[in-house]
Amino acid sequence: MRNSFKGLRPFSEILFSSLMQAEKLSNRGSLMKPKVLVTREVFDEVLNYLSQYFEVTSNPSDIPMDSNTLSEKLYDKEGALITLSDKIDATLLSRCPNLKAVCNIAVGYNNIDLDACTKARVMATNTPGVLDDTTGDFTWALILATARRLTEAEAYLRNGQWDGWKLKQFLGLDVHHATLGIFGFGRIGQVVAKRAIGFEMKIIYHDIQEVPPEIEKACHANYVSKEELLAQADIVTIHVPYSPATYHLIGERELEQMKPTSILINASRGGVVDDSALIDALRKGTIAGAGLDVFENEPKLNPHFLELKNVVLSPHIASSSRNTRVKMAMLAAQNLVAALNGKTPPNLLNPF
Ligand code: GLV
């Protein structure tokens, strides 16, 4: 009897073996997904999207990783969704043999050494376009708050110091019909100019080159030299990317060329303005005020800023509307999906 079943496997064995096979297949499915790291807290919809393509390790605590931790976490990963606080340099890249793409959730990318990425055959991407309007809006929040001394007046009221209306209370700078000087006339600079048309301002700009006449016309803006801009503008606002060429674009010399009644706005990058020189200028009254969203050595800004009343301060939030931050993270995720699927990511920064 036993012999008649020779060569046939018992049912339990077949079942076990099929289950193993199925498990292997499903494991193979997940093993085949490239491993990626998301270095900071992001929106659930972004993690869900990435999980369709990748085995995702994320950092839900949102605490920035130091360089060693970052390279340990990235060691076996093919890609990463990163932020401005993640420094990608040659040392880190040399420790991450599998890495193929780093996708910044930011338009600025001064945290990434592009040459080192190119040498290591790692694609780097950013998120241009999706944050222009939101950053332009916030620039206007800084312009109005600084010109009209809003945070200083609010602090006075909150401290219980307000004892009644006074003719000369918190005299500020008129924004309407003033001259707006825009340093850096790319997408964000142009958005800021378009908003200024409603305030019937004179709009001047400076950049490494003039924009085409049709853009100047749409923005009601005229090109001037750096010196003319500093001397003429009532409000100077900066929208250049950070690079060695723009490091301390505004320092002691430039602040001295500005009108004593003028204000300086920076929602671009820390380091474009020399913060110590600005603090001196605000103390001495070289200029009337400043509105700042970005600082040297973020988040450890120069503590002397906190002692000054004529400065409006915010913690690098110019692009931070919910809609825009979701769009930025999604765009970075789409760049990562493209890069690891053998396609050219839409916002590739380095040659490949
Ligand atoms: C924010 O600062 C950005 O560069 O997107």
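A. Representation of the packing of aromatic side chains. The full count for this structure, using the stated rule, is seven aromatic pairs. Their ring planes at 65° and their centres at 5.5 Å tell us that tyrosine 49 and tyrosine 53 sit as a pair that is edge-to-face. Residue tyrosine 49 and its partner tyrosine 53 are located together in helix H2 (residues 44-53), separated by four residues, close to a single helical turn. Here phenylalanine 295 and phenylalanine 305 contribute two aromatic rings whose centre-to-centre distance is 5.8 Å and whose plane-to-plane angle is 65°, an arrangement assigned as edge-to-face. With a gap of 10 residues between them, phenylalanine 295 in the loop between strand S11 (289-292) and strand S12 (311-313) and phenylalanine 305 in the loop between S11 and S12 connect regions that are remote in the sequence.

B. Region of interest: the layout of surface pockets. Within this model, the second largest pocket holds a volume of roughly 250 Å³. Forming the walls of the second largest pocket are 18 residues, and the residues nearest its centre are Thr146, Ala147, Arg149, Leu171 and Ala288. Elements represented by at least two residues in the lining of the second largest pocket include exactly helix H6 (132-147), helix H7 (150-158), S11 and S12. Among the elements that make up the lining of the second largest pocket, the one with the highest residue count is H6 (three residues). Of the residues belonging to the lining of the second largest pocket, the class tally is nine nonpolar, six polar and three charged.

C. Spotlight on the domain arrangement of the chain. Domain boundaries in the chain define domain 1 (30-130 + 323-339) and domain 2 (132-160 + 169-313). A C-alpha centroid distance of 32 Å is found between domain 1 and domain 2. Every contact between the two is made by nine residues of domain 1 and, on the other side, five residues of domain 2. Taking both sides of the interface into account, the surface hidden between domain 1 and domain 2 amounts to around 540 Å²; carbon and sulfur atoms contribute 44%. The three residues of domain 1 that bury the most area against domain 2 are Asn110, Gly129 and Thr324, which together make up 62% of that side's buried surface. Linking domain 1 to domain 2 there are three residue pairs in polar contact (both at pLDDT 80 or more).

D. Spotlight on the sheet that holds strand S3 (residues 79-82). Here five strands make up an open sheet; going across it, the order is S2-S1-S3-S4-S5 and the pairing parallel. The sheet terminates laterally at strand S2 (55-58) and strand S5 (123-125), the two strands that pair on one side only. Neighbour-to-neighbour, the strand axes of this sheet turn through a mean angle of 15°, independent of strand direction. Bridging between strand S1 (residues 35-38) and S2 involves four bridges; their strand directions are parallel. Paired with valine 36 across the two strands is valine 56, which belongs to S2. Set on the sheet, H2 makes contact with S1, S2 and S3; between it and S2 the angle comes to about 145°.

E. Here's a closer look at the environment of glutamate 72. With respect to the element layout, glutamate 72 can be found in helix H3 (residues 67-74). According to the relative accessible area criterion, glutamate 72 is exposed, its value standing at 61%. The spatial distance from the C-alpha of glutamate 72 to the C-alpha of glutamate 214 is 50 Å, given a sequence separation of 142 residues.

F. Spatial organisation of the packing of H6 against helix H8 (residues 187-197). With their axes 8 Å apart at the nearest point, H6 and H8 run at an angle of 55° to one another. As summarised for this structure, H6 and H8 are arranged oblique, according to the angle between their axes. Classified by chirality, the crossing of H8 by H6 is right-handed. From H6, Asp132, Asp133, Thr135, Gly136, Asp137, Thr139 and Trp140 reach across to H8, where they touch Arg187, Ile188, Val191, Val192, Arg195 and Ala196. For the contact of H6 with H8, the residue count by class is five nonpolar, three polar and five charged.

G. Inspection of the site of the ligand at higher detail. Surveying the vicinity of the ligand reveals the residues Leu84, Ala106, Val107, Gly108, Leu131, Arg269, His316 and Met328. Between glycine 108 and the ligand, the recorded distance is 2.8 Å, taken from a backbone N or O atom to an oxygen atom. A distance of 2.6 Å is found between an oxygen atom of the ligand and a side-chain nitrogen or oxygen belonging to histidine 316. Protein contact buries 89% of the 190 Å² of open area that the ligand shows by itself. Along the lines of polarity and charge, the residues of the shell around the ligand split into five nonpolar, two polar and one charged.

Procedures and definitions
- Residues numbered from 1 in each chain as written.
- Predicted model: local features only at pLDDT ≥ 70, side-chain atom pairs only at ≥ 80, totals over all residues.
- Heavy atoms only, no water.
- Phe/Tyr/Trp six-rings, centres within 6.5 Å; stacked < 30°, edge-to-face > 60°.
- Helix = DSSP H or I, 4+ residues; strand = E, 2+ residues; numbered from the N terminus.
- 1 Å grid on protein atoms, 1.4 Å probe; cavity = no way out; pocket = protein on both sides within 12 Å on 5 of 7 lines; lining within 4 Å.
- Points joined across faces, edges and corners; volume = space filled by probe spheres on them.
- Nonpolar A, V, L, I, M, F, W, Y, C, P; charged D, E, K, R; others polar.
- Domains from an automatic or database assignment.
- Contact = heavy atoms within 4.5 Å.
- Buried area = accessible area lost by both parts, 1.4 Å probe.
- Polar contact = N/O pair within 3.5 Å; in protein donor to acceptor, adjacent residues only side chain to side chain.
- Pairing = 2+ DSSP bridges.
- Axes fitted to C-alpha atoms, helices over the stretch in contact; angles between N-to-C directions.
- Buried < 20%, exposed > 50% of the residue type's maximum accessible area, 1.4 Å probe, protein only.
- Parallel < 35°, antiparallel > 145°, perpendicular 65-115°, else oblique.
- Left-handed = near helix turned anticlockwise from the far one by under 90°.
- Near = heavy atom within 4 Å.
- Areas by Shrake-Rupley, 256 points an atom, 1.4 Å probe, with all protein chains shown as cover.

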